[in-house]
Amino acid sequence: MNSRNSIDIVILGAGYGGMSCITRLSRKFRRQSHVRIHLVDRHTYHLLETRLHERAVRESEVTVPLARFLEKRPNVTFHLGEVTRIDLEDKYVELDFGRSDTTEGAARRLRYDYLVIALGSKTNFYQIPGLEEHAFQLKELEDSERIRTHTERMFAIAASETSLNRRKEYLRVVIGGGGLTGVELAAEMAERFDALSEQYHIDPAEPEMLLIELSDRILPSLDGRQVARSAEAMQALGIQILTGTRVLGMREEDERLLVLREPGDPIPTRTMIWTGGIRVTDLLRRSGAETGAMGRVVVDQTLQLKGYPGVFAIGDNALAVNPDTDEAVPTAAQFALQQGYLTADNLYRLAMERNTKKYTPKVLGEVVSLGKHLAVGWTSLPLAGRVRFLGFLGSLIKRAISERHLFLLWKERQNWTGHW
Ligand SMILES: Cc1cc2nc3c(=O)[nH]c(=O)nc-3n(C[C@H](O)[C@H](O)[C@H](O)COP(=O)(O)OP(=O)(O)OC[C@H]3O[C@@H](n4cnc5c(N)ncnc54)[C@H](O)[C@@H]3O)c2cc1C
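The text that follows walks through the structure, step by step, so that each part is easy to find. Since the structure is predicted, the reported quantities are computational estimates derived from the model, not experimental observations.

**Points about the site of the ligand**
The immediate surroundings of the ligand are formed by 29 residues, with Gly 17, Asp 41, Val 83, Ala 333 and Lys 398 found nearest. Interatomic distance of 2.9 Å between a side-chain N/O atom of Glu 49 and an oxygen atom of the ligand. Measuring from an oxygen atom of the ligand, one finds a backbone N or O atom of Asp 316 at 2.9 Å. Burial of the ligand by the protein amounts to 90% of the accessible area it has alone, namely 1,000 Å².

Written out as structure tokens, the structure is:
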């Protein structure tokens, strides 16, 4: 307890990790009025990032208003703003509320006794020349809307373009990065090409989708057989997969963009989307915490920062090590969720002066969608072990995983109010 006779718990980020943490935490502390919980995010919604590729192509509900989750949680205060500084020594975070009619760049300090850092990740352009300037990315709601509007616009322009070469440029989409995001987006967009072609009276054989990947295979987290089957399904959608190809840069020339690559000639296009890597915000490194690969913060087995007890990092921000394999826990929603729930339990335990629990990731499976009605992956079943799938069943499983996340958030909410 601090000199203010209260305990302030601050959670940075209302993504998968932050939301699972806050929903459980607010319920656990519902009878302790001296415990005040603060949630900070730059948006007023929880973004279902794992569905963002759908929104880049069609209408799809990918946000959940935070107000709906928080309305029955009087012990939670929401702070809308940009986290601009984390001071681990003096225990405060700085928030920027941005520009409004009356204030300009108003900043405020939020003090904490316990801190949970769950700010997710951003696109890594690896300083490839021209890439950040010219390529789209897919990390935020606005990114998905930009891609959708732009693609439709390109089809609309192509419809009346008489030069064959220019038509090809308008109708060629290049995606850099053959991981989960790149593959899911490529499949979803390629599937949409037919409808757009029909809408704008374009020969459906004209639009082109190229997926460029540096390594010699796409989808590194799936086994070889599944990768081969995914590649077949993608080729059936007309996607050209260029593995072993490095994006060297992008430049503008004669009103079009050139994607420079090795090996191969530059690719002229109007649409390049980069999904080739992520990194964590520099805020964490600047805070003085120990960071590792991708700028993630090194945490111990209870997910607390080394040297800063009471400060937790979860999800993409945390460089947690799986004690069973000695490998870093991957950046994925399933681990962010698990870590959020565990951190809520541990914060409660700390406040009750009990021992904290250690984190061991549970790998529940991997599912990659290949368009609206197809998905590939595997899941672990209690008696059957690892079950692989490719097909419509996969897409149902993918949808079920996403719905389960929402269900669990609502369940925590209902439990809180006692009506569940
Ligand atoms: C298109 C796409 C598809 C994906 N598909 C899958 C999938 O199928 N399965 C899977 O497991 N993973 C998938 N992922 C990865 C998964 O979404 C991330 O690993 C997961 O979102 C990480 O959760 P998190 O809580 O760490 O961060 P996030 O969910 O990213 O949440 C971070 C939150 O912090 C906020 N924030 C960030 N910086 C600031 C700041 N400075 N100030 C204020 N607020 C801030 C953001 O607004 C956001 O709400 C996908 C990712 C993408 C982009």
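**Section: helix 8 (residues 224-236)**
In this model helix 8 runs 18 Å from its N-terminal to its C-terminal C-alpha over 13 residues, within 8% of the 18 Å that 1.5 Å per residue would give. Inspection of helix 8 places Gln 226, Val 227, Ser 230, Ala 231, Ala 233 and Met 234 among the buried residues, and these make up the whole buried set. Down the axis of helix 8, the smallest arc covering the buried residues is 165 degrees, so these residues share one side. Facing away from the buried side of helix 8 by more than 90 degrees, the exposed set consists of Arg 225, Glu 232 and Ala 236. Considering only its buried residues, helix 8 is in contact with helix 7 (180-199), strand 12 (208-212), strand 13 (239-242), strand 26 (375-381) and strand 27 (385-391). Positive phi appears at Gly 238, one or two residues downstream of helix 8, with a value of about 90 degrees.

**Overview of the pattern of salt bridges**
Under the definition given, this model contains 27 salt bridges. One salt bridge connects Arg 55 with Glu 145, and the closest N-O pair in it is separated by 2.5 Å. Of this pair, Arg 55 sits in helix 2 (residues 52-55) while Glu 145 sits in helix 5 (residues 141-159), and the two are 90 residues apart along the sequence. With a relative accessible area of 13%, Arg 55 lands in the buried category. Residue classification places Glu 145 among the partly exposed positions, given a relative accessible area of 28%. A salt bridge links Glu 208 to Arg 172; the nearest nitrogen and oxygen atoms lie 3.2 Å apart. Of this pair, Glu 208 sits in strand 12 while Arg 172 sits in strand 11 (residues 172-176), and the two are 36 residues apart along the sequence. Here the residues in one salt-bridge network are Glu 169, Arg 251, Glu 253, Arg 256 and Arg 270, joined through shared partners.

**Quick notes on the sheet that holds strand 27**
An order of 25-26-27 is seen for the three strands of this open sheet, with the pairing classed as antiparallel. For this open sheet the edge positions go to strand 25 (365-369) and strand 27, each flanked by a neighbour on one side alone. Geometrically, the sheet is characterised by an average inter-axis angle of 20 degrees between neighbouring strands, direction not taken into account. In the sheet, strand 26 pairs with strand 27 via seven bridges, with the strands oriented antiparallel. Within strand 27, the residue paired with Gly 377 across the bridge is Phe 389. Contacts between helix 8 and the sheet are confined to strand 26 and strand 27, with strand 27 contributing the most and set at about 10 degrees to the helix.

Reading the values: the criteria
- Residues numbered from 1 in each chain as written.
- Predicted model: local features only at pLDDT ≥ 70, side-chain atom pairs only at ≥ 80, totals over all residues.
- Heavy atoms only, no water.
- Near = heavy atom within 4 Å.
- Polar contact = N/O pair within 3.5 Å; in protein donor to acceptor, adjacent residues only side chain to side chain.
- Areas by Shrake-Rupley, 256 points an atom, 1.4 Å probe, with all protein chains shown as cover.
- Helix = DSSP H or I, 4+ residues; strand = E, 2+ residues; numbered from the N terminus.
- Expected span 1.5 Å × (residues − 1).
- Buried < 20%, exposed > 50% of the residue type's maximum accessible area, 1.4 Å probe, protein only.
- Arc of directions from axis to C-beta.
- Contact = heavy atoms within 4.5 Å.
- Salt bridge = Lys/Arg side-chain N within 4 Å of Asp/Glu carboxyl O.
- Pairing = 2+ DSSP bridges.
- Axes fitted to C-alpha atoms, helices over the stretch in contact; angles between N-to-C directions.

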